[in-house]
Amino acid sequence: MNPHDPQLRRKNIRLALILSGFALLVLITSFPFWQNIFQILGEAAK
Amino acid sequence: MSHTSTLHDVPHHHANPTGWRRWLFSTNHKDIGTLYLLFALAMLFMGGASAMLIRAELFQPGIQLLDPDLYNNLVTNHALLMIFGSVMPAAAGLANWMIPLMIGAPDMALPRMNNLSFWILPAAGTMLILSFVVPFFPGGGSQINTGWTLYPPLSIQVGMSMDFLIFAIHLLGISSVLASINIIVTLLNMRAPGMTLMKMPIFCWTWLVTAFLLILVVPVLAGGVTMLLFDRHFGTSFFDAAGGGDPVLFQHLFWFFGHPEVYVLLLPSIGVLSHVIPTFARKPLFGYKSMVGAMIAVGTIGMVVWAHHQYTIGMSLGAVSYFMIGTIIISIPVGLMIFNFIATMWRGAMSFETPMLFAVAIILMFTFGGLSGVMLAVVPADMQYHDSMFVVAHFHYVLMPGAVFGLFAGVFYWLPKWTGHMYDERLGKIFFWINVTGFNLTFFPQHFLGLAGMPRRIIDYNVMFTEFNVISSIGAMIFGFSHLLLLYIVIKTIRGGEPAPSRVWEGARGLEWEVASPPPFHTWETPPPIRQEQSA
Ligand code: HEM
Ligand SMILES: [Cu+2]
């Protein structure tokens, strides 16, 4: 396993980007904007 | 690529960098691991100093040494320094040092990001320390008095020190998310050919689970404190009931982070034990697969039980019942890990070098802390125990053995590998006995104090609590100062001592024992062949 192998590098960076995207998603959903969405949905259902 | 960047003045393969450049520009997992460990050690002493000041004040009823604001400040910074400054960086240091060696990889997957993850820490640590000291400067505002949980509305009212703290938490969060990403990528992509996931050493497994937990929960803490910042300065009212917000939302966000965080602190040390116990029992680890299953179960269930920290906020009966049952269920996989450790020792040819002494002590004391945890999980009981010294006793019995002593065990276990010198076994044992005795003297009496009704985070107390507080404070001084001996042992080992062979402990198995002690600057540039007995 050569760490300078471009293919492995690309694979590593791709996985790192996926994981950081995931972390950003978690960050954004921790803001409670969805509370109102639930409310609106709840009222629409009524 | 870029010829201009100074990073490239440090060639990867030709000469090894020296001087300050070696450390500042380091992309070498061993050097970065060392930096993490040194940072953690420095923070351990700062956090320990706060703790000893707290206990000095609590030696007698009445207010003797500290003013109440400073006391609250110390209670807050003690926890933050220990958790974010000491235990997490120390565990990351072990990960950096050992994971590439254990899986036969030449380095971490993203070495330059690794450099960034570490070098954010001194900046974050500075911000953290500033948040405790700015109030002492003119115009510095009030001291942080919220405890590490930072609950609003109090945290909205604190002066600018809270903004420093929020910024510090952002930096710490970025650092640990980057480090976690690096660890996951390394473990998934860089294993030597033939090392399947189920052959991976358990320490690597514990870090895989830990890293996933971190990227799942640290952003939530970051979001929570960001909203706090907005409420403080930008006129929002996320947590302000007067503006249509809800202060309890912060508690949910905080503990959604905070509970998994305790497993973040615990799991790497469980990983260390999974190597120390087989080594000194001279038997393979009992139940490798169940160990992996148990830690995944702990991580998963641990994500959904956070509100056991908030039983008293007035949740519905359904909600508290759910959180109570979920919390109690976690004790099953945790118990399984303990069972596996005991089964590993069963009929083993045991010897009790310092790491093993810590391991055995951990099993006993951590289990004890787990039992008081089950008491706290029971809703009606917790209505009594909540916010009392019983809670303080509980989490120190789980955190100190479960996290800190596990890290100590790892340091003694791998120090000869890192430095090439054996540590002084006699001093190691003396340190163990003083440390563990001091720990129990400090925290055991706090159970009784809590049950008798002494609240936590309070500078003064009723005279009827005096005796146990005196014992606890004496214990804390013994415990706190004993770490100077640890420092001495570590320095002594770095500077010299009996040379260590590559397989430092006769019972040790795994790839990390096949490289010299200390390992050369670059290891496993060609991946090692994986034999059966190397796994686990
Ligand atoms: C010299 C060693 C230590 C001593 C004497 C000590 C003592 C204390 C004391 C007196 C408190 C405050 C109790 C109160 O709220 O009234 C406390 C809180 C705390 N300690 Fe320690 N401790 C030590 C080490 C550690 C370590 C290594 C950790 C982390 C792994 C830790 C984690 C915490 C946490 C999370 C709190 C809660 C703070 C809060 O809720 O405000 N402690 N400790
Ligand atoms: Cu919890």
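Peer 1: Could you give an account of the nonpolar core, naming the residues involved and the relevant values?
Peer 2: All names here are of chain B. Core analysis: the largest hydrophobic core is formed by 173 residues, its most contacted members being Phe405 and Trp414. Among the elements that make up this core, the one with the highest residue count is helix α3 (residues 68-103) (19 residues). Residues in contact with Phe405, not counting those within four places in the same chain, are Phe358, Ile362, Met365, Met400, Asn435, Val436, Phe439 and Phe479. Ranked by size, the runner-up nonpolar core spans 13 residues in total, among them Ile54, Leu66, Met454 and Ile459.

Peer 1: Would you mind going over the coordination of the iron atom of ligand 1 in detail, with residue names and values included?
Peer 2: All names here are of chain B. Protein coordination of the iron atom of ligand 1 is provided by His78 (NE2) and His396 (NE2), with donor distances spanning 2.0 to 2.1 Å. Considering all six donor atoms around the iron atom of ligand 1, the spread of angles at the metal, 85 to 177°, places the coordination shape in the octahedral class. Note that His78 is positioned in helix α3 and His396 in helix α13 (residues 389-419), a separation of 318 residues in sequence. Of the two residues examined, His78 and His396, each falls in the buried class.

Peer 1: Before we move on, could you go through the coordination of the copper ion (ligand 2) and cite the residues and values that matter?
Peer 2: All names here are of chain B. Protein-derived ligands of the copper ion (ligand 2) are His259 (ND1), His308 (NE2) and His309 (NE2), with the metal-ligand distances lying across 1.8 to 2.1 Å. All donors to the copper ion (ligand 2) come from one chain, and their sequence spacing reads H-x48-H-H. Remark: His309 occurs in the loop between α9 (288-302) and α10 (317-345) and His259 occurs in helix α8 (residues 247-281); sequence separation between them is 50 residues. Residue His259 is classed as buried on the basis of its relative accessible area of 6%. His309 sits in the partly exposed class, given a relative accessible area of 22%.

Reading the values: the criteria
Residues numbered from 1 in each chain as written. Chains lettered and ligands numbered in written order. Predicted model: local features only at pLDDT ≥ 70, side-chain atom pairs only at ≥ 80, totals over all residues. Heavy atoms only, no water. Core = buried A, V, L, I, M, F, W, Y, C linked by side-chain atoms within 4.5 Å. Buried < 20%, exposed > 50% of the residue type's maximum accessible area, 1.4 Å probe, protein only. Helix = DSSP H or I, 4+ residues; strand = E, 2+ residues; numbered from the N terminus. Contact = heavy atoms within 4.5 Å. Donors = N, O, S within 2.8 Å, 3.2 Å for Na, K, Ca; no water. Tetrahedral: all angles 85-135°; square planar, octahedral: opposite > 155°, others 65-115°.

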